[in-house]
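Structural features, examined
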Amino acid sequence: MYVKQLLCITLFAYVAMKPVTSVSPEQLEKLARSMRKTCLQKIDTTEELVEGMHRGEFPDDENLKCYTNCIMKTLRSFKNGAIDFGMITKQVEMTMPPNAVDRVKQAIATCRKREYGGDECAITYNYVKCYYEVEPEMFVFP
């Protein structure tokens, strides 16, 4: 629990201190690895399934679905049973390279229009899947 809180505090403190510039790819990768490690320890899924999402592989696997929920909760982009699109947009604006922001925001806007039902894990999984389907070249997910 403390690792998750420390990671969130570190991420948001870093973003708050550097609002004008984007986070370097190396810094994003380091944060992503840390989040991935934390959620893989909590959720019984595999690194292979997680990596498969980056290739557009979204099997009907409950644990993988809950992994997406763990990541989104860690990023504070899912709370009170709903996706926080405002938080996702804010994070994109503060962390992505300027030339990528518009494309990613467009993907977020497209996915925001979809209906997401089911439990929390299904909601986040279907959002992540939508994001990949809409903008696979800009897909970033720990």
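Residues numbered from 1 in each chain as written. Predicted model: local features only at pLDDT ≥ 70, side-chain atom pairs only at ≥ 80, totals over all residues. Heavy atoms only, no water.

**A closer look at the nonpolar core**
Put simply, the test is: Among the buried residues, those of types Ala, Val, Leu, Ile, Met, Phe, Trp, Tyr and Cys that are joined through side-chain atoms within 4.5 Å form a nonpolar core. Each residue's exposure class comes from its accessible area (1.4 Å probe, protein chains only) as a fraction of the maximum for that residue type: buried when under 20%, exposed when over 50%, partly exposed otherwise. In DSSP terms, a helix is any run of H or I states spanning at least four residues, a strand is any run of E spanning at least two, and both are numbered starting from the N terminus. Here, two residues are considered to be in contact whenever any of their heavy atoms come within 4.5 Å of each other.
Counting residues in hydrophobic clusters, the biggest one holds 36 residues, and the most contacted among them are Met53, Tyr67, Ile83 and Tyr127. If you list the elements that add at least two residues to this core, you get α2 (25–42), α3 (47–53), α4 (62–74), α5 (85–95), α6 (98–112) and α7 (120–134). Among the elements that take part in this core, α7 stands out by supplying seven residues, more than any other. Not counting chain neighbours up to four residues away, the residues in contact with Ile83 comprise Met72, Ser77, Phe78, Ile88, Tyr116, Ile123 and Tyr127.

**Section: the environment of Pro25**
With respect to the helices, strands and loops of the structure, Pro25 is situated in helix α2. A residue is classified by how much of its surface remains accessible, and Pro25, at 61% relative accessible area, is exposed. The spatial distance from the C-alpha of Pro25 to the C-alpha of Met96 is 8.7 Å, given a sequence separation of 71 residues.

**Considering the state of the cysteines**
Quick reminder of the rule: A pair of sulfur atoms, both from cysteines and within 2.5 Å, is called a disulfide here.
Counting across every chain of the model gives three disulfides. Paired by a disulfide, Cys111 and Cys130 hold their sulfur atoms 2.1 Å apart. Across the S-S bond linking Cys111 and Cys130, the dihedral sits near -100°, which makes this disulfide left-handed. Taken together, the residues span a long stretch of sequence, with Cys111 in helix α6 and Cys130 in helix α7 at a distance of 19 residues. Of the two residues, Cys111 and Cys130, neither departs from the other in class, the shared state being buried. Cysteine pairing in the chain follows 1-3, 2-5, 4-6, where each cysteine in a disulfide is numbered by its order in the sequence.

**Considerations on the packing of α4 against α7**
Just so we agree on the cut-off: Axis lines are fitted to C-alpha atoms, over the contacting stretch for helices. Their N-to-C directions set the angle, which ranges from 0 to 180 degrees. Should an angle fall under 35 degrees it is called roughly parallel, over 145 degrees roughly antiparallel, and 65 to 115 degrees roughly perpendicular, with every other angle called oblique.
At a minimum axis separation of 7 Å, α4 and α7 run at an interaxial angle of 85°. Taken together, α4 and α7 sit at an angle that is classed as roughly perpendicular. Judged by residue contacts, Leu64, Lys65, Cys66, Thr68, Asn69, Met72 and Lys73 of α4 engage Glu120, Cys121, Thr124, Tyr125, Tyr127 and Val128 from α7.

**Some thoughts on the pattern of salt bridges**
Just so we agree on the cut-off: Here, a salt bridge means any Lys or Arg side-chain nitrogen found within 4 Å of an Asp or Glu carboxyl oxygen.
Counted under the stated rule, the structure contains 12 salt bridges. Between Asp60 and Lys65 there is a salt bridge, with the nearest N and O atoms lying 2.6 Å from each other. Its relative accessible area of 67% is what places Asp60 among the exposed residues. Looking at Lys65, the relative accessible area reads 12%, which means it is buried. As a salt-bridge pair, Glu137 and Arg103 come within 3.1 Å of each other at their nearest N and O atoms. Of the two residues, Glu137 sits in the segment after α7 while Arg103 sits in helix α6, which places them 34 residues apart along the sequence. Taking the relative accessible area as the measure of exposure, Glu137 reaches 65% and is therefore exposed. Via salt bridges that share partners, Arg36, Glu47 and Glu51 belong to a single interconnected network.

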